[in-house]
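# Topology and contacts: notes
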Amino acid sequence: MNKINKTEIAESVKNKDLFIWGARMTGLGAKRFFESHDIKVKGFIDSDAAFENKSVSSLKVYDPNSFISLINSDKINKNSIAIVIAVSLKEAEIIEMYGEHFKGLGFYSFQNESTPSYTIDILGSCNLSCASCPHSIEDNNVPKGSMSLDTFEMVFEKITTESKELTHVSLYSWGEPLIHPYLDQIIDMVHEKNIAVALSTNFSLNLDSKFEKLIRSNPDYLKISLSGYYPEAYNATHQGGDITLVKSNLYKLRYLINKYKATTLVDINYHLYRDNSGSNLQKMQELADELGFVLSKTYALIMPLERILNHLDNKPDYWTKKLEDNLLVTIDEGIEASSDVKLPNNSCPFRENQININADLTVPVCCTTFFRDETIVSKNYLEDNLQKINDAKSKISLCDRCMKENLPQYNMGFNQKKWKAIAAKKNITDNGR
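Residues numbered from 1 in each chain as written. Predicted model: local features only at pLDDT ≥ 70, side-chain atom pairs only at ≥ 80, totals over all residues. Heavy atoms only, no water.

Check the secondary structure of the protein and you find 18 helices and 15 strands. At 21 Å, the protein has a C-alpha radius of gyration in line with the 22 Å of a compact globule built from 433 residues. For the protein, buried positions account for 60% of its 433 residues. For the protein, the proportion of contacts with a sequence separation of at least 24, taken over those separated by at least 6, is 74%. Surface accessibility of the protein: about 19000 Å² in total, with carbon and sulfur atoms responsible for 45%. Considering the protein, the positive charge centre built from 50 side chains and the negative charge centre built from 56 side chains are found 3 Å apart. (Helix = DSSP H or I, 4+ residues; strand = E, 2+ residues; numbered from the N terminus. Rg over C-alpha atoms; globule rule 2.2 N^0.38 Å. Buried < 20%, exposed > 50% of the residue type's maximum accessible area, 1.4 Å probe, protein only. Contact = heavy atoms within 4.5 Å. Areas by Shrake-Rupley, 256 points an atom, 1.4 Å probe, with all protein chains shown as cover. Lys, Arg positive; Asp, Glu negative; His and termini not counted. Charge placed at Lys NZ, Arg CZ, Asp CG, Glu CD.)

So, on to the side chain of Ser-339. Position of Ser-339 relative to the elements: it lies in the loop between helix H13 (331-338) and helix H14 (349-353). If sequence neighbours within four positions are ignored, Ser-339 has contacts with Glu-405 and Asn-406.

Its place among the elements puts His-180 in the loop between strand S8 (168-170) and helix H6 (183-191). Sequence-wise, His-180 and Asn-206 are 26 residues apart; in three dimensions their C-alpha atoms are separated by 13 Å.

Turning next to the nonpolar core. Of all hydrophobic cores here, the largest spans 101 residues; its most connected members are Ile-120, Phe-152, Leu-171, Leu-253 and Ile-357. Residue contributions to this core peak at six residues, all from helix H9 (residues 243-260). With residues near it in sequence (within four places) discarded, Leu-253 still touches Phe-203, Phe-211, Ile-215, Leu-222, Ile-224, Val-266 and Phe-293. (Core = buried A, V, L, I, M, F, W, Y, C linked by side-chain atoms within 4.5 Å.)

Another aspect to go through is the packing of H13 against helix H18 (residues 416-424). Interaxial distance between H13 and H18 falls to 8 Å at its minimum, and their mutual angle equals 145 degrees. With respect to the hand of their crossing, H13 and H18 are arranged in right-handed fashion. When H13 is examined against H18, the residues Glu-333, Gly-334, Ala-337 and Ser-338 are found in contact with a partner set consisting of Lys-418, Trp-419 and Ile-422. A per-class count over the contact of H13 with H18 returns three nonpolar, two polar and two charged. (Axes fitted to C-alpha atoms, helices over the stretch in contact; angles between N-to-C directions. Left-handed = near helix turned anticlockwise from the far one by under 90°. Nonpolar A, V, L, I, M, F, W, Y, C, P; charged D, E, K, R; others polar.)

Attention now goes to a negative patch on the surface. There is a patch of like negative charges on the surface, built from Asp-150, Glu-153, Asp-188 and Glu-192. On the secondary structure map, Glu-153 appears in helix H5 (residues 149-162). On the accessibility criterion, Glu-153 (44% relative accessible area) is partly exposed. (Patch = residues over 30% accessible without salt bridge, like charges linked within 9 Å, V, L, I, M, F, W, Y side chains within 5 Å. Salt bridge = Lys/Arg side-chain N within 4 Å of Asp/Glu carboxyl O.)

Let us look at H18. Here H18 has its buried residues at Trp-419, Ile-422 and Ala-423. Burial along H18 is one-sided: seen end-on, the buried residues are contained in an arc of 95 degrees. The outward face of H18, more than 90 degrees from its buried face, is lined by the exposed residues Lys-417, Lys-420 and Ala-424. Residues of H18 that are buried sit in contact with strand S12 (294-299), H13 and helix H17 (407-412). (Arc of directions from axis to C-beta.)

Structure follows, in structure tokens:
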């Protein structure tokens with residue numbers, strides 16, 4: 001595995017058949033980067049079954065095993081291949097599982113300590129109060145404002161000055177970015193520097209005139225989170241949402257993408273619960289296939305980190321207790337399964353590879369925390385340089401407990417084979433069939 005900066009990688013792979021490992025936001029950012037250096041990308045590699053028989057940005061997505069078969073065949077010159085791992089958090093797991101197959105090839109890490117991934121929560125509030133999300137916690141005393149366009153411009157200028165090889169930015173964390181009144185202008189500002197934009201939304205919104213502006217701005221990646229096809233299942237876990245509105249927006253999204261020839265990767269992120277994993281899931285898969293969108297499945301988690309720690313201390317809140325019975329993989333089961341994957345001592349990909357900036361400019365130690373008392377490493381991102389922020393992260397005592405309990409692995413969903421085995425033993429009660 002070659003650990004060099006991105007410009008050096010571009011120089012090394014310019015005469016190679018380049019494949020990018022990771023077909024979502026980080027991979028799309030890498031594609032932008034290499035194409036800006038006149039390097040054509042041949043395809044993507046991704047282990048997520050959601051990409052089976054799919055293409056992203058008109059490029060084929062290979063699953064790892066089919067790609068291994070390809071390079072071991074006579075259909076391609078193995079010596080001409082270069083692979084760049086461009087994933088946000090699971091690089092170590094990929095290397096552990098597949099590294100042996102790529103010995104002797106050009107095999108590069110797109111991660112660089114001087115260029116972390118950036119998440120900017122441009123809006124600190126949400127229109128829903130989903131039980132698994134901290135917005136369902138009443139009286140949480142966390143600011144809910146939005147980031148002004150001028151403030152975003154200053155934040156983005158500082159980011160690109162400190163991290164010159166930045167290739168993508170996520171415009172969300174706990175908030176609903178599609179509510180932001182200047183979202184299209186923010187996307188355009190980021191694209192002006194040839195940096196990819198990722199968005200995540202519940203899509204249960206009346207977008208009105210903002211819809212066309214959004215798609216004309218052509219965000220690179222749009223994740224749509226939902227948890228059911230029928231209202232009974234969806235309403236149980238997406239409190240305040242309207243699945244009929246979501247489905248209507250999905251159809252309009254397809255129309256607008258076609259109208260403006262947008263290249264946005266639409267990823268329907270389906271949260272798996274016991275009450276929505278039968279006909280609900282099948283119907284949503286059919287809808288995704290009809291519209292030509294990716295549907296990725298993820299076992300529902302309860303967030304934020306502080307809730308998990310309270311659970312481990314036998315002090316669960318109301319919604320954690322209520323949701324536990326509906327989880328396909330409970331908190332304890334998920335932690336046990338993920339703990340089989342070991343990270344280096346005192347190491348956490350969330351802490352080391354990300355900078356998260358809240359709408360009020362505070363910077364938490366990572367994206368899994370929500371409350372501000374023990375987790376803020378900068379009170380104002382614009383006033384503290386990157387080195388100072390990273391140094392402050394090592395002083396957050398909450399991290400010691402989190403890593404000791406193997407919670408980074410849990411939040412990343414490591415060891416999915418075991419998660420699937422656990423889920424397969426659970427009874428499914430399909431709500432709303």
